[in-house]
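Results of the structural survey
Now for the letters of each chain:
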Amino acid sequence: MYMEVPPVSVETLGALASTLENVPMAQRQAVASIVLTQGYVDELLMLFDTLEEAGNIDKLHEVFAVFKALILLNEQALIEMLLSKAYIVRVIGALEYDPELPTRPRHREFLLSKAKFKQVLPFASPELEDTIHQTFKVSYIKDVVLPRVLDDATFTTLNTLIYFNNVEIIEQVYADEQYLPSVFQQVVAADAQPERIKEFVLFLDEFFSLTKMLQLKRRTEMYRDLCSKGLLDIFEPTIDSPENAVRMASTDIFACVVTHDPNIMIAYLLGQEAVDYPLLRKIMVQLTCDPENGVQTQLTEALRVLLDMESLKDCPQQEEFLTLFYDKMIHILCAPFQSDAGEAAGPSSGAAVAGQGESATAGIRGEGSTLANSRLYGFIKNNVSDLLSFCIQQHGYRCKYFILSNNIASNVLKLALSRDMYLALAAVRFMRAFLAVGDVRYWRYMINNRLFEPIIERFMLNGARDNLYTAAVAELLNFVGRTGVSSIIEHIMTYMPRLNCSPFSFVFEDLRTTAEQLRKKRENNAERHPFPVQVTSEAMRRSKSSTQEQRALFGAAAATALDRGPPSSDDDDSLASSSVSGSASLAVDDEVTSETGSSSSSASGSSKSSRARSDDDGESGVPSLVAEHERAGKRRKSLTGLPAGGVA
């Protein structure tokens, strides 16, 4: 049974609004069909115009209720009609008369007078322009006019309409083969005016933000085609523009392209070798000098993608790009930390920064620089520190050579003494990356230069404050304990008298336990081997050169033991037990000699020959304990009838 919808008149507005607000879910489609086919929308808008001219506010409130109920019916066909070009402005006018608002908002005045539509270049299709206008107005209704009254279902319907409109806009703009290439050419033109460049770049920024809605395959095809038509050429003149809006928009487009396909950008950057890689240099300079935090953040994330070994695993130019970065670019990136140490980048340190790199970083290093004393400079250091931590984990020997040869680590860890907590935490993250790599050279450098000093000092200055820095340092030191690296643990224990004075000394119990276990192990080893065997480099060389002779004399098992060098503490028990069993075998040998006669003399001769060979090898650096073990084995084998050279 269908519901009866009251006709449109001044007297029935209240009843019509009440009926539409209480339509059951099962009958919404039928009611929407009645409204569409019987001309309700046209009659309501005509009545609205009449009531607005008369100034009848009470009835206008009822008109608002009717249109709100029509939208909340959430029927696709009805919503598309209400938001069509012929009706949308008048519908928005009816929605101005919300009885719950103290004053009437002027939505139509804003849309018709204040909101300006700009075209950087004229569109070839009038339908495209209509779609853009409709999308803007639907978004305005969703976000400004009815945000309080929309339910989830209607909100989703409006979002779906906006989504499909945006996809249509993108496809129509891209379908015009001359439009976007013309925009790219206008940006890089030598005679382009700054204001026009700003308009073009802002248009491209909005276009690429909409392309994120496309499916991955379609977006990939579009990006590759646009890159081949000149998209990548727009970054060099705009990424360091003096206009903040242009610089931010250009950085946003750059990050969008890099995040989607870093291989395209790497190929383009390496293709600028003939002109000394101007775009990559500008990126490094902006990352360390740009006054906008947003630009720095975007460039940091984009550079992280370009340096990520996982994203570059299929890139044929991976090694070439990393070589370029560490040979010519990383010194520009680390200029804030090099300036702190008073070390100007020079050829002696491999930091031959020429051209724009020198002039830009000079602003940081120069005396009286306002940037060097600002919080922005701290934000720059935080970004660079996180990038270095990322490079330590990703790039192995390249980053290790740079870090160890330029004294960067000690300057980065001075951030722990900064008054800003986020910088102190950046130092802890850097040290955590240093430790997590598991490289002995990093550890040795850390110990020799006492890199833990600023972190421990800040921890002690933190006092009884239970904050994030305290938790981060506690986790860092306990991580050292879990690694079980004795040299680092011993180094940390030199700070333990100071750490014991902290109110949070109890959190280092695991570290103390590990250190105590290592100490006891060293003491036990010292008691069991008070005179450790010393093998010189010459003896090791002679031993290695005579491997075949050792195998011929002692058999495969003994030669393997000799190849290992002096016995370790883990081998002590096995060697000791072998010596005991060898002594027992000697005792048995004496008894058998008295009973067997000739066989005894044969065994004795074999024993003397074996002993003589062992003495000769002992003089050439073979450990005497291993030789004794072999002599005992020879005697056992002669008694049991096994071959003297090995196992039967």
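The following paragraphs examine the structure supplied in this document. (Residues numbered from 1 in each chain as written. Predicted model: local features only at pLDDT ≥ 70, side-chain atom pairs only at ≥ 80, totals over all residues. Heavy atoms only, no water.)

**Description of the overall build of the chain**
Counting secondary structure elements, the chain contains 36 helices and zero strands. Residues classed as buried in the chain amount to 45% of the 648 residues present. For the chain, the share of sequence-separated contacts (at least 6 apart) that also reach a separation of at least 24 residues comes to 71%. Carbon and sulfur atoms make up 53% of the accessible area of the chain, which amounts to about 32200 Å² in all. (Helix = DSSP H or I, 4+ residues; strand = E, 2+ residues; numbered from the N terminus. Buried < 20%, exposed > 50% of the residue type's maximum accessible area, 1.4 Å probe, protein only. Contact = heavy atoms within 4.5 Å. Areas by Shrake-Rupley, 256 points an atom, 1.4 Å probe, with all protein chains shown as cover.)

**Observations regarding the packing of helix α14 (residues 244-260) against helix α17 (residues 293-307)**
At a closest axis distance of 9 Å, the pairing of α14 and α17 adopts a crossing angle of 20 degrees. Accordingly, the angle class assigned to the pair α14 and α17 is roughly parallel. Relative to α17, the crossing made by α14 is left-handed. Contacts between α14 and α17 involve R247, M248, T251, D252, F254, A255, V258 and T259 from the first element and V295, Q298, L299, A302, V305 and L306 from the second. When its residues are assigned to classes, the contact of α14 with α17 shows nine nonpolar, three polar and two charged. (Axes fitted to C-alpha atoms, helices over the stretch in contact; angles between N-to-C directions. Parallel < 35°, antiparallel > 145°, perpendicular 65-115°, else oblique. Left-handed = near helix turned anticlockwise from the far one by under 90°. Nonpolar A, V, L, I, M, F, W, Y, C, P; charged D, E, K, R; others polar.)

**So, the packing of helix α24 (residues 421-436) against helix α25 (residues 440-448)**
Angle between the axes and distance between the axes are the two parameters that describe a pair of packed helices. Axis separation between α24 and α25 bottoms out at 8 Å; the angle between their running directions is 130 degrees. One way to sum up the angle between α24 and α25 is to call them oblique. Contacts between α24 and α25 involve M431, F434 and L435 on the former and, on the latter, Y442, W443, Y445 and M446. Of the residues assigned to the contact of α24 with α25, the class counts are seven nonpolar, no polar and no charged.

**Thoughts on the side chain of H260**
Take H260: it is sitting in helix α14. Polar side-chain contacts of H260 include one of 2.9 Å to the side chain of T220. Apart from residues lying up to four places away in sequence, H260 is in contact with L216, R219, T220 and Y223. (Polar contact = N/O pair within 3.5 Å; in protein donor to acceptor, adjacent residues only side chain to side chain.)

**Description of unusual backbone geometry**
Of note in this structure, D276 is not a glycine but carries a positive phi near 65 degrees. Note that D276 resides in the loop between α15 (262-270) and α16 (278-289). Even without glycine at this site, R450 takes up a positive phi of about 50 degrees.

**What to know about the packing of aromatic side chains**
A complete count under the given rule lists eleven aromatic pairs for this structure. Taking the centre distance of 5.6 Å and the plane angle of 55 degrees together, the rings of F208 and Y223 count as tilted. Of the two residues, F208 is situated in helix α11 (residues 194-211) and Y223 in helix α12 (residues 216-228); the sequence distance between them amounts to 15 residues. With respect to burial, F208 and Y223 carry one shared label: buried. (Phe/Tyr/Trp six-rings, centres within 6.5 Å; stacked < 30°, edge-to-face > 60°.)

**Considerations on the pattern of salt bridges**
Enumeration according to the criterion identifies 29 salt bridges in this entry. The salt bridge involving R108 is made with E96; its shortest N-O contact spans 3.2 Å. Of the two residues, R108 sits in helix α7 (residues 107-114) while E96 sits in the loop between α6 (88-94) and α7, which places them twelve residues apart along the sequence. Exposure class is identical for R108 and E96. Each is buried. (Salt bridge = Lys/Arg side-chain N within 4 Å of Asp/Glu carboxyl O.)

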